[in-house]
Amino acid sequence: MGKRSTRKRSGRGLTRRELLKVAGAAGLTGLTGLWPAPVIAAPAAIIKRGGTFNLAEVNDPISFDPHNRVNASATVLQRMVYQCFTRHNPRTMAVEPALATKWEYTKPTELVWTLRQNVVFHNGQPFTAEDAKWNVDRALDPRTGSPFAVWYEAVEKTEVVSRYVVKMTLKRPEPLLPGKFGAMRVVGFAPGGSDPRSLASNPIGTGPYRLTEWVPNDHCTFARNDRYWERGVPYMDTLSVKFITQEDTRIAGLRAGAIDFSIVSADGARRLANSPNLKFIKGVHGVFTVIKLHQRFAPFRDRRVRQAMNLSIDRNEIIEKALGGSGVPIGPVVHGWEDYGIPADQLGFKVDIDRARKLMAEAGYPNGFEVTAISLPEGHPAAFFPSIATAAEQWKRIGLTVRIQQFELGAWLQRNNTLDYDMLIGNRGFRGDPIDVLFPHYHPKGSDNPLGYSNSQVQRWIEQAAMEPDRLKRKDMYLSIQRKVLEDVPWLLLWAPIENYAMQRYVMGYDHVPFDSFKDPLWTTWLDK
Amino acid sequence: MRWARRNLVAALGLAVVLSLVVVAIFAEPLSPFDPNAQVGKRLSPPSHQHLLGLDQLGRDVLSRLIFGARVSLVVSVVSVGLSLVAGVSLGLLAGYYGGVADNVIMRAMDLMFTLPSFVLAIALAGILGPSLTNVIIAVAVVTTPTIARVTRGPVLAVRESEFVASARAAGAADRRTMFRHVLPNVAAPIIVQATVSIADAILIEAGLSFLGLGVQPPHTSWGNMLGTGRNFMELANGLSVFPGAAIMLAVLGFNFAGDGLRDVLDPRLRGG
Amino acid sequence: MKAFLVRRLLSTLAAAFALSVLIFLLIRLVPGDAVTMWVGQEGTMTPEVRATLRKMFGLTDPLPVQYLHWLADVLRGDFGYSFRSRLPVTQLLRRSLPITIELAALAMLTSAVVALPLGIVSAVKRNTPTDVLARLVGLVGLSMPSFWLAVLLILISATYFRWLPSLIYVSPWKDLAANLGQMMMPAFSLGLPLMAVVMRMTRSTMLEVLSQDYVRTARAKGVAERVMLARHALRNAFIPIITIMGIQLGRLLGGAVIVEQIFGMPGVGTELVSAIGERDYPMVQATVLMMGLLFILVQFLVDLCYGYLDPRIHYG
């Protein structure tokens, strides 16, 4: 079961003193009357409120059902509309209050949420504990069919204690639960008793914007929520989100001024570099790309083979070829996520072909071997194909021949989810806490552990960390896990992308790329025109 | 004079087609590098060593263009070949027997027409696994209806003609009549259509590549190169201009050669 | 004539039925299903939940049963609900189909309107600079992949003219000018290959007609050039031109998919591509069926035109 802390776990966001410091630094004394307030403080400048923001997204969100995230675009846009108990600070990923002002473990298996008062849904209905209960219940109900309900499966039942207090009874201690409710993969709060089918196209939430128009495959329009509980935000009146799958068109739109803001690839940013009307930001995105190795392919079961493969790929060259240089090598936890990850320069990746060849010979493959790898198509923005193609070129040096098969997304997903491959290139995304990236991949019972990797020490650390309420102790365990995993090479970690965003010069206040790529900074963005 | 000029154009077309065939057959000795080998810094401009530069993975563009000729040619010729077999048979049957057979076959052809090539390509790629063969099949299916239609028309006309009537009166079997008497007389428009279809097939493959359904590595096609190359416009224009120009040249070449064939085989066919 | 119509109707229904079975089977044979897409890469599902979802989508019934359910609904006018968005398919199609139809129609219209006069002028003023220029444009249209053309148009317009039409779709009922401005570049990219083919065809037909005996006789008699052109030449040219347009319509619908993707237009092409990617069976089946019926309808109209234009053809 692991250590059980007798200290009560509670979170209250910033104390008044801390907030005053932040607000003072930002020069916005007007906000100090609020508590708690968003840590995203607007820069000290004259903010022009109002206006319409033209944002380009790649894909249509398909559905606004708050309990079934459909795709990445849906998650980003749903966050404009829906909120949950907690959320993550866009800069540090620390867990913050949102619709819950306070949470505390009265027992290790009992979590009590105190909800924010005087919050109103877009339709005017007040937000109360009944609503919170309804949403959690629906999200966890197997009949809803949410693929993320399993994250919260420690929750046994949710009860309304009073108008603004909710009590969750857990099946077992789970100190990381509050953070999970902030990742907003599954649970967004809508008014209790809503018809889910109606919510899918007419979402009603508590967020800073509400959806006013949606033409599938064309655009979404969001209007400012005038009754939003965080005073003073958002600044812009209307968000107009156009869906454009082709980067060429987004580039043209940015050049012509039809689009105010869009993600671009590194090469795209280079193409736009000499546009006088644009400026750029970039930042690491917490999704990492990895070459997965399956135990059914005999050579992979030998650690020496895996280490040889690891020593003969040049990650910098892969990043250069696949991402135009816009990426960083990563360990099992992407660095930048609070302080849980190991920075790139301390990861210890190196290229040593001689040693690699020796290892291969020792393992019984002096002439290498042939293997088939599954990838997405060449032009896909995830940049899988250029990565594996470059790795394949590099592996020729140790006699490894890789035959790459390009699969369309659905077919690729099928193979990936059923672990039906010898080698596959894929990626894994951000979670509420590193445990959600460490457990599935490095625990023998994990759902995405194609090698069947099993190390008793790592397994113990993972199980302990899942129960550990002290963040710093958890961090130490995470770091130990990562160091061991880097030695054992259960799969080949490649890179995390540095995302590039291009925007018109008059777009102010969006000055960093959130680690999870959610567009929360839009709430404090304004247009200087 | 018109004849001479038209002949010049057709001769040019034929020259282009022949050069393509030569390049396709002799790709290995002609190509300076392995088309899939990453030989240098990505997006390098043309240089002495790499006449057309390097692409986004550092692969030699000229080599890829040469091998691309082989793939584009194989895909278009083989798929049209397949659709000739299917289309001519169906067109013969429809035109010769007329009536219900004609109706059914022509509606089926309409059907094949409406199935966009990419729907079929995705299905095939998914079911059978991605490969060159699937692209060929998808393109063949899309081209068959045109061939069938082009065959059927003249067959309908010839059917009523004297020598067919006399052959039947003499008791000749249907199949024999079809092949011995009808087909040679309608061969001309079919052959012309075949060259045009080959040109079309190159464009269809380009479109499939744009949607990510074209040929797979280690094969390279021009359509594939153009599809990925367009993301690097302004950074390395050659990546799209060279395969694009190659596609246009090949398509025009086949079209002109087809025109020339039409003039040679039957000058009356110009009206189509 | 009536017999012809009845026969055509029956064969159309048979074709529609065959098409629906074909697409029904094809899309189900592709690996991955809606539930796989639902789970995505990062979700996990217990086998029970997976079974529940599959049941919800009707994927657990045997194939013939699934098909019959769908057919029964369709005959009642109900195309079902999109697996992913849970919106009614009819509603989605009602929004997207007109956009593609408008695009295809504009493409055909512009290409005909440009190609016919150009072809005629080209033939009449043979080998003048106008002829050469027209033929050059025709060559480009014939051989340039349409997606490349579309991309070049967008980039040139944005980079050198700093202008793009509204990226968000505007209905012609709301603002015709804005709608046409939007449709301009896509219709042109889509229609240029067709324009090239029609222009060549017109030109060669006209050249042939102009060299006919009766034309020379008419000229010798002094009949006005224009009258003669109109009455004889065009009439003869129309049949092959209409044939071509009928044949090219299939290609046009396929090309529309690519053009819609590039210009970000919410037409039926974009919808079909994303529905296939999502394995949204009701959406795919309904869309392909609609496109098929549309195509067959146009073919029928083309055949009727034949009957009108060429007295030798009769439908009995």
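Described below are features of the structure shown in this document. (Residues numbered from 1 in each chain as written. Chains lettered and ligands numbered in written order. Predicted model: local features only at pLDDT ≥ 70, side-chain atom pairs only at ≥ 80, totals over all residues. Heavy atoms only, no water.)

## Focus on the side chain of Asn-89 of chain A
All names here are of chain A. Within the secondary structure layout, Asn-89 lies in the loop between β3 (86-88) and β4 (95-97). Assessed through its relative accessible area of 6%, Asn-89 is described here as buried. Within the structure, the side chain of Asn-89 is placed 3.0 Å from the side chain of Glu-96, a separation counted as a polar contact. (Helix = DSSP H or I, 4+ residues; strand = E, 2+ residues; numbered from the N terminus. Buried < 20%, exposed > 50% of the residue type's maximum accessible area, 1.4 Å probe, protein only. Polar contact = N/O pair within 3.5 Å; in protein donor to acceptor, adjacent residues only side chain to side chain.)

## Notes on the packing of aromatic side chains
Residue and element names in this part refer to chain A. Counting across every chain of the model gives 33 aromatic pairs over all chains. Residues Phe-121 and Phe-127 carry aromatic rings whose centres are separated by 5.9 Å and whose planes lie at 85° to one another, so their mutual orientation is edge-to-face. No difference in accessibility class separates Phe-121 from Phe-127, as the two residues are buried. Pairwise contacts between aromatic rings join Phe-85, Trp-103, Trp-113, Phe-121, Phe-127, Phe-148, Trp-151, Tyr-152, Phe-181 and Phe-189 into one cluster. Of note, Arg-116 hangs over the ring of Trp-229, and the distance from its end group to the ring centre comes to 3.9 Å. (Phe/Tyr/Trp six-rings, centres within 6.5 Å; stacked < 30°, edge-to-face > 60°. Lys NZ or Arg CZ within 6 Å of the ring centre and 35° of its normal.)

## Observations concerning the interface of chain C and chain A
Facing 42 residues of chain C, the contacting portion of chain A comprises 55 residues. Together, Gln-41, Glu-42 and Leu-167 of chain C form the three largest contributors to the area buried by chain C at its contact with chain A, with a combined 18%. Arg-279 of chain C serves as the salt-bridge partner of Glu-408 of chain A, at 2.8 Å between the closest nitrogen and oxygen. At the boundary of chain C with chain A, the tally comes to 12 residue pairs in polar contact (both at pLDDT 80 or more). Every element with two or more residues in the side of chain C that touches chain A is listed here: α2 (34-39), α3 (47-56), α5 (89-124), α7 (146-160), α10 (225-263) and α11 (268-278) of chain C. When the residues that make up the side of chain C that touches chain A are grouped by side-chain class, the tally is 21 nonpolar, 13 polar and eight charged. (Contact = heavy atoms within 4.5 Å. Buried area = accessible area lost by both parts, 1.4 Å probe. Salt bridge = Lys/Arg side-chain N within 4 Å of Asp/Glu carboxyl O. Nonpolar A, V, L, I, M, F, W, Y, C, P; charged D, E, K, R; others polar.)

## A few points about the packing of helix α6 (residues 129-143) of chain C against helix α8 (residues 176-210) of chain C
Two quantities define a packed helix pair, namely the angle between the helix axes and the distance between the axes. Residue and element names in this part refer to chain C. Between α6 and α8, whose axes approach to 7 Å, the crossing angle comes to 135°. One way to sum up the angle between α6 and α8 is to call them oblique. When you trace α6 past α8, the crossing you get is left-handed. In this structure, α6 contributes Asp-131, Ala-134, Arg-135, Val-137, Gly-138, Gly-141 and Leu-142 to the contact, and α8 contributes Leu-192, Pro-193, Met-195, Ala-196, Val-197, Met-199, Arg-200 and Arg-203. For the contact of α6 with α8, a count of residues per class yields nine nonpolar, two polar and four charged. (Axes fitted to C-alpha atoms, helices over the stretch in contact; angles between N-to-C directions. Parallel < 35°, antiparallel > 145°, perpendicular 65-115°, else oblique. Left-handed = near helix turned anticlockwise from the far one by under 90°.)

## Let's talk about the nonpolar core
Residues Phe-85, Trp-113, Leu-115, Met-168, Phe-181 and Phe-222 of chain A are the most contacted members of the largest nonpolar core, which totals 218 residues. Among the elements that take part in this core, α5 of chain C stands out by supplying 13 residues, more than any other. Sequence-distant contacts of Met-168 of chain A, defined by excluding residues within four places in its chain, comprise Phe-85, Thr-109, Glu-110, Leu-111, Trp-113, Val-136, Val-155, Lys-157, Thr-158, Leu-177 and Phe-181 of chain A. By size, the runner-up hydrophobic cluster in this structure holds 50 residues, among which are Phe-369, Leu-400, Met-423 and Leu-424 of chain A. (Core = buried A, V, L, I, M, F, W, Y, C linked by side-chain atoms within 4.5 Å.)

## Notes on helix α4 (residues 63-75) of chain C
Residue and element names in this part refer to chain C. If you check α4, its first and last C-alpha atoms are 18 Å apart, about what 13 residues at 1.5 Å a residue would give, namely 18 Å. All of the buried residues along α4 are Gln-66, Tyr-67, Trp-70 and Val-74. Seen end-on, α4 carries its buried residues on one side only, within an arc spanning 95°. What points out from α4, more than 90 degrees from its buried face, is the exposed set Pro-64, Leu-68 and Leu-75. (Expected span 1.5 Å × (residues − 1). Arc of directions from axis to C-beta.)

## Quick notes on empty space enclosed by the protein
Throughout the structure, instances matching the rule amount to 12 cavities of 30 Å³ or more. In this structure, the largest cavity is lined by 29 residues; those nearest its centre are Ile-204 of chain B together with Arg-251, Gly-254, Gly-255 and Ile-258 of chain C. Among the elements that line the lining of the largest cavity, the one with the most residues is α10 of chain C, at eight residues. Residue classes in the lining of the largest cavity are distributed as 19 nonpolar, nine polar and one charged. Each pocket or cavity is described by its volume, and for the second largest cavity that value is around 140 Å³. What lines the second largest cavity is a set of 17 residues, among which Ser-166, Leu-167, Gln-182, Phe-263 and Met-265 of chain C lie closest to the centre. When residues of the lining of the second largest cavity are assigned to their parent elements, the largest contribution, four residues, is made by α8 of chain C. (1 Å grid on protein atoms, 1.4 Å probe; cavity = no way out; pocket = protein on both sides within 12 Å on 5 of 7 lines; lining within 4 Å. Points joined across faces, edges and corners; volume = space filled by probe spheres on them.)

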